[in-house]
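Inside the fold
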Amino acid sequence: MTFQYTNAFVTLATFHIEKLVDFYTQFLGIDPAIYIPNVYAEFQFPSLKLGIFKPKQTHFSEFENSNKSKMSFCLEVNDLESAIAHLTTLGYPPPGEIITASHGKEIYAYDPDDNRIILHQSN
């Protein structure tokens, strides 16, 4: 291999960038580390960056597919019930029930653009 990876991060494309940035600012309780209004925002965590961007008009067709994304933004939390209550307060309550799996409890939620968020609490 002739190159090395220096970083990796997840990005979400949206036509409603200000609404999504506001949602994640409130949901995560942190401000974006990088913020260019109506263009790009980046939230940084110890081991992950979440970027939110507005596609350029020349690329709109790539993002206009009405099928739901197969990607999920997974967040491990220490108190699943509190995380659910917080999302509910923001107006985006998870539509389903808590799932109990061998690795812990989790629930699916969705942001204002219908991107799936998986909240997970380990055993």
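Provided above is the structure to which this section pertains.
Residues numbered from 1 in each chain as written. Predicted model: local features only at pLDDT ≥ 70, side-chain atom pairs only at ≥ 80, totals over all residues. Heavy atoms only, no water.

**Section: the packing of aromatic side chains**
How two aromatic rings sit relative to each other is given by the distance of their centres and the angle of their planes. This is how it is decided: Stacked, tilted and edge-to-face are the three classes applied to pairs of Phe, Tyr and Trp rings, where Trp contributes its six-membered ring and a pair requires centres within 6.5 Å; stacked means planes under 30 degrees apart, edge-to-face means over 60, and tilted covers the rest. Runs of E in the DSSP output that reach at least two residues are strands. Runs of H or I that reach at least four are helices, and both are numbered from the N terminus. Type-normalised accessible area, obtained with a 1.4 Å probe on protein chains alone, sets the label of each residue: buried when under 20%, exposed when over 50%, and partly exposed for intermediate values.
This structure, assessed with the given rule, holds 6 aromatic pairs. Ring plane angle 20° and centroid distance 5.6 Å describe the contact between Phe23 and Phe27, whose orientation is recorded as stacked. Taken together, the residues Phe23 and Phe27, both in helix 1 (residues 17-28) and 4 residues apart, mark about one turn of the helix. With a relative accessible area of 4%, Phe23 lands in the buried category. Among the aromatic residues, those joined into a ring-pair cluster are Phe23, Tyr24, Phe27, Phe45, Phe73 and Tyr92.

**Brief notes about the nonpolar core**
The condition that has to hold: Within this scheme, the nonpolar core is defined by two criteria: the residues are buried Ala, Val, Leu, Ile, Met, Phe, Trp, Tyr or Cys, and they are joined through side-chain atoms within 4.5 Å. Note on contacts: a residue pair is in contact if any heavy atoms of the two residues lie within 4.5 Å.
Formed by 22 residues in total, the largest nonpolar core has its most connected members in Tyr24, Phe27, Phe43, Ile52, Ile117 and Leu119. Counting residues per element, this core draws most heavily on helix 1, at 7 residues. Among all residues touching Leu119, those that are not within four sequence positions of it are Phe27, Leu75, Val77, Leu80, Ala83, Ile84, Leu87, Lys105, Glu106 and Ile107.

**Side note on the sheet that holds strand 5 (residues 72-76)**
Heads up, the rule is: Pairing between two strands is assigned when DSSP locates at least 2 bridges connecting them. Helix axes are fitted only over the stretch in contact, all axes being lines through C-alpha atoms; the angle between N-to-C directions runs from 0 to 180 degrees.
Taken in spatial order, the 4 strands make up an open sheet running 5-8-7-6, and their pairing is mixed. On the outer flanks of this sheet lie strand 5 and strand 6 (99-101), each paired with one strand and no other. Mean inter-strand twist for the sheet, computed between neighbouring axes without regard to direction, equals 25°. Of the pairings in the sheet, the one linking strand 6 to strand 7 (residues 104-110) comprises 3 bridges and is antiparallel in character. What sits directly across from Ile99, in strand 7, is Glu106. Each of strand 5 and strand 8 (116-122) is contacted by helix 1, which is oriented at about 10° to strand 8, the strand it contacts most. Of the strands in this sheet, strand 7 and strand 8 are in contact with helix 3 (residues 80-89), which crosses strand 8 at around 155°.

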